[in-house]
Every structure is written in C-alpha cells, then in structure tokens.
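Coordinates in review
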Amino acid sequence: TLAGAALGGPVACVSKVELRVACKALLDRDTLNKSDPCVILMVQNQGQWTELDRTEVIKSNLHPVFAKVFTLDYYFEEVQKLRFEVYDIHGTHSIGARDDDFLGGVECTLGQIVAQKKMVKPLFLKYAKYAGKSAITVHAEEISGNNGYVELFFCAKKLDDKDLFSKSDPFLEIYRINDDGSEQLVHRTEVIKNNLNPVWEPFKVSLISLCSCDEDRKLKCLVWDSDSRGKHDFIGEFYATFREMQKIGGGSKVTWDCMNPKYKLKKKNYKNSGVVILSDLKLHRVYSFLDYIMGGCQIHFTVAIDFTASNGDPRNSCSLHYINPYQPNEYLKALIAVGEICQDYDSDKRFSALGFGARIPPNYEVSHDFAINFNPEDDECEEIQGVVEAYQNCLPKIQLYGPTNVSPIISRIAKLSAGEETIKDASRYHILLILTDGVVTDMADTREAIVRASYQPLSIIIVGVGNADFTDMQILDGDDGVLRSPKGEPVLRDIVQFVPFRDFKTASPAALAKCVLAEVPNQVVEYYSHKAICPMPPVPSCDSPTSLANTPTESLPAVGTTA
C-alpha cells in the first residue's frame, strides 16, 4: 500500500506527542544567585535548525521542572531530529548568542524519546564537552486522538407520571457542555412506552463525542415523556461527569436524582421526579501504535540481501554490489535509510543481517539463508554501521550465484517471531527488509510463506534494486487485491510493502524510508488487535494518567488511528 508520501502527497499525522522537560545539576553561571534556566526546543528541517518553542524561565533554580508542554506531530516513518538547548536568561530580553549564557544542549530523535518514554541524557557544552553533571529528562506522552469508546447501560425508577390515562413514555437525552457553554447532543435513547421504571437499551459512544476525552466535563441529562406530536413533557434533569460514571463497580451502581427545577421551587416536600441509574459501564480502549511502543514493545530489524549473480561482479563498477569509496551503492542506501529509523525502537541496537543466493565458504554450496558475518550462532551486528561493515567484509568471500529464493528467509523470521508468540504480550515485533535485484524465482513458495507470516508479529519490506522489470513483484504487495497462497488462502493482514528503489533515485533516502515505513504502525496495531493483546503497562510514574486507565477495558482494533 504505497503511501501518499511517495507521490508527494500529505501523510496523515499518526499522532501528537507531548514532551515535558526537567533538568538536574545545571551549571551556575551567575555570581550572586543561581542560574535562571529556560529550555529551547529546536527542530531540524532540511539540515537547518529552527526554534520550535521554549519553556518558561524558572528563577534561580539549578534543578528546574518546567511546566511548559511541547506538542509535536509524530511520524514513525521519519527521523525527526530534535535539539534541546538550556540557557541562563537575564531579564526579559530574548536569548542572545552569548556563549556564557549557554548551560548545555543535547541532540536526539523523537523516536528515541517515545521508545524510552522517559529519556535522561547528559548536557553538552560546545566541542562535545560535558556540562559538568548536568542532565535533562524528557517525558513523552501521546495525546490520544481516539481514546476508544464507552458502552453505557441506563435505567430509571419511579419517574413522574405525566399522562392522564396511562403511564409516561420516557426517553433520556445526554448533552455535552462545550467550553463555550454551548450544548451538543451526544445521545438520545429510544422511547419506552407506558413505563415509570424504564430500562433503556445500552448504547456505545466515543469518548471524544461524550466528553472530548475530558473526564470532568459536565454532561446535562434530560428525561422526557414522549409525545407522538413532538410536544414532549419535561420530567426532570441531572448533571453528570464521566468521572462520576466510572465510580461504578463491585456491584454498586451510580444514581442521580432526576430534578424538575420548577417543582423544586413550588413544592416544599419535593424530593425528585424519579432517579436515573447507570447500571453498567464498559470502556473499550482503542490502542494506537504509540501505546504499544511506549508500553515497551521492541521492534527487531532484520535485513536480507540478494547475492545472486545477476547483480554483476562486485569488483566491476557496473555491479549493483560495487563498493564505491565515495558513495554507497543502492543496497547500502536502502539499508541505511530504513535501518536508521528502526534502530530507535530496538534498545539493544543489534540487527540480524542475512544473505541469499550465493555460494558461501567453507564448502561453497548455495545458501538462501546465511549470516553475512558467517556466524550462524549469532547473526546480529552492532548498529547499522555493523551491518554495513559485515556486508562489505562478506562480498570478497562469497561467490554470487542463484536462484533468487526469498521464501527460506521469510519462513525463518516468521518462525522466529512465532516462537515469541507464546509470550502473549506486546513485547517484540519484527521488520524484515529484503533487498533484491530481480523478481523472485520461488514465487509460489514466497506467497505461501507470506500468508503464513501474516499470522505473526512481522512486517516485510521489499526494495527492488537496479533496473529489472519488477512487475511480478507487485503481486506480493496486497494493494491490487488480497495476496493469496497458491492454494487460494488469503493473507490475514497485508504485511508486505514493495517499492522499486529507482522511484527514489533522485529523492532523498528519507523519502524511501517514509514510503516503505508509513504503514508499519497500522500493521503493528492490526496484529495485536487481532490477537486481542493490550500494550504492556508502562512503568507507572507519579504523573500517570487519570482513572481512565484503571477501568476494566477491552482492546479493539484501532481503526483509522494511524496513517
């Protein structure tokens, strides 16, 4: 499903993230009193750093905790470079370029912050010099645009009888009171005929429409006696909040007096016009990609490289595997572009690097699944740089051969991720990047392997390198319809993204990464939703979310929460 990014179209923002900052042990630049710190957040766009926002100034404090909240759009598929700079501010004037006011800075990516949820880093002065023991802490919190929905079960008892010859026909209306005081109808129940103790049908409503995700927002609730001509009689009203509704549980119900203000004024002994009861509440959380990442889900990255003879002799400058000392070949460009983003989401920064289609030492038999560091016990390399070095070291030792069989590697990674399935938590998801110069030879086996893999925590990205005709590869990317195994079994989820590298030759490596990674967040959510696996609970901090998180919840697919 090629993202709009490839076509230059806008990409829907996956989420918004709030960042809160605090510093410890700042340098004391002032002779008479302590520094007055302020943190400036810089973002990098096309290599240029610009100020996005800044915190308030906290007077005379070397361990400031800032109240300011930075809000940023978050895109998984981009490297979003940030820089936090701390200055000692004198008076109200803006920051000058005076070096003696600079208390330290640090660079990172937004991906690193959300992957750690709470990032602590030392501050550096110019020339990579430590700013004493100064450190900055950045907390990330997702602003969940779609925080799920709630199912409410209302009934009433002893409502006033408004009808002469029969009993009232009650219905209930709930209005949300907006910030400007206006009222927005949230739900109107059905009418229950001739009944002063109605039990209304349960109904579902999103938390956005019920209370704009604000638990303390007032809700105005009205009970009417229905009139077939539309002239409904008012029975009574009450005010509620979603926080009150959540007090339900352990057999206890939440009740409100249904009041008619006119009766209250006129009648001395007036108690109420009945009571409205919330007998049950079910909160259905819709989880997002960041819920899983911030819950500690690690993304393990594996790269598989095509070493078939059609790439050309690596010693020849026309070869796709030629190592040019001045610029990386297409294989390396694609590997670095995608790997740089994935590495932020894997705490050990070790990546599996595999090869296929070559004769390998010591016996020079063809292998379609070998570790390019030639260590079958441990095929992992340290960081992306380690993968690059293993690739360059392995080229002179192997003989490029064929055919182009990718199903063995897909099956092995699927098996590896299936082994972790027994853990039954959202702790590890796999991304397999396959770099190939031609159409795969084992298409039937590959289709079968992908269908099997679609049941595992795995996404597959295939980048076609060179100028071959990749038409047949498009079948693997389920965009033109559902990919099926040779026996006709459909994939459970669309997990493959195919893109020819030549479409991005003139674009930046970031554009390639953006295109191939844009769908991963949805694929992660789809997998865990299908398995009904909730995110792992983040380590609770003192500023943990409100009671929303403590209500019994049910996980549901996050439809449309990601790009």
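Each chain carries its own residue numbering, running from 1 in the direction its sequence is written. Since the coordinates come from a predicted model, pLDDT governs what is reported: local features require at least 70, and pairs of side-chain atoms require 80 or more to be given and counted, while whole-chain, interface and lining totals use all residues. Derived side-chain values reflect all non-hydrogen atoms in the structure, with water molecules and hydrogen atoms excluded from consideration.

Quick note on the threshold: UniProt positions are given in the numbering used here, feature names are shortened, and annotations may be inferred rather than shown by experiment.
The protein has the name Copine 7 in an unreviewed UniProt entry, where Oncorhynchus kisutch is given as its organism. In its Sequence similarities (unreviewed entry) section, the UniProt entry covering the protein states "Belongs to the copine family."

**Considering the environment of G104**
Threshold: Counting from the N terminus, the helices are the DSSP runs of H or I reaching at least four residues and the strands are the DSSP runs of E reaching at least two. Whether two residues are in contact is decided by their heavy atoms, any of which lying within 4.5 Å being enough.
When you line up the elements, G104 lands in strand 6 (residues 102–109). If sequence neighbours within four positions are ignored, G104 has contacts with F84, E85, V86, L123, F124, L125 and A131.

**A look at the pattern of salt bridges**
Convention followed: Criterion for a salt bridge: a side-chain nitrogen of Lys or Arg within 4 Å of a carboxyl oxygen of Asp or Glu. Relative accessible area decides the class of each residue, using a 1.4 Å probe on protein chains only: under 20% of the type maximum gives buried, over 50% gives exposed, and in between gives partly exposed.
A full pass over the atoms with the stated rule returns 22 salt bridges. Here R20 and E18 are joined by a salt bridge, their closest N and O atoms 3.3 Å apart. On the accessibility criterion, R20 (30% relative accessible area) is partly exposed. The closest approach of N and O atoms between R243 and D216, which form a salt bridge, is 2.7 Å.

**Things to note about the sheet that holds strand 13 (residues 219–225)**
The line we're drawing: Strand pairing is assigned whenever DSSP identifies at least 2 bridges connecting the two strands. Axis geometry follows a simple rule: fit a line to the C-alpha atoms, using only the stretch in contact for helices, then measure angles between N-to-C directions, giving values from 0 to 180 degrees.
Spatially, the four strands line up as an open sheet ordered 11-10-13-14, and their pairing is antiparallel. Each edge of the sheet is formed by a strand with only one pairing partner; in this case those strands are strand 11 (183–188) and strand 14 (233–240). Strand-to-strand twist in this sheet, taken as the mean axis angle between neighbours without regard to direction, amounts to 25 degrees. Across seven bridges, the pairing between strand 10 (residues 170–177) and strand 13 is antiparallel. In the strand pairing of strand 13, L172 is matched with V223.

**Things to note about the pairing of strand 13**
In terms of residue burial, strand 13 counts as a mostly covered element, since six of its seven residues are buried. Here strand 13 runs beside strand 14; their pairing, made up of seven bridges, is antiparallel. Bridged to K220 within strand 14 is Y239.

**Brief notes about the pairing of strand 3 (residues 48–54)**
Of the strand pairs in this sheet, strand 2 (residues 37–45) and strand 3 are connected by six bridges, and their pairing is antiparallel. Among the inter-strand pairings, L41 is bridged to a residue of strand 3, identified as D53. Remark: two residues form the turn of the hairpin made by strand 2 and strand 3, two consecutive strands paired antiparallel; Q46 in that turn has positive phi of roughly 45 degrees.

**Some points on the packing of helix 6 (residues 330–342) against helix 10 (residues 509–517)**
Our working definition: Take the far helix as the reference: if the near one is turned anticlockwise from it by less than a right angle, the crossing is left-handed, and if turned clockwise, right-handed. By the convention adopted, Pro, Cys, Tyr, Trp, Phe, Met, Ile, Leu, Val and Ala count as nonpolar, Lys, Arg, Asp and Glu as charged, and the other residues, Gly among them, as polar.
Closest axis-to-axis distance for the helix 6/helix 10 pair is 9 Å, and the angle between their directions is 65 degrees. The way helix 6 lies across helix 10 gives a crossing that is right-handed. Here A334, A337, V338, I341 and C342 of helix 6 lie close against helix 10, whose contacting residues are P509, L512, A513, V516 and L517. The class makeup of the residues in the contact of helix 6 with helix 10 is 10 nonpolar, no polar and no charged.

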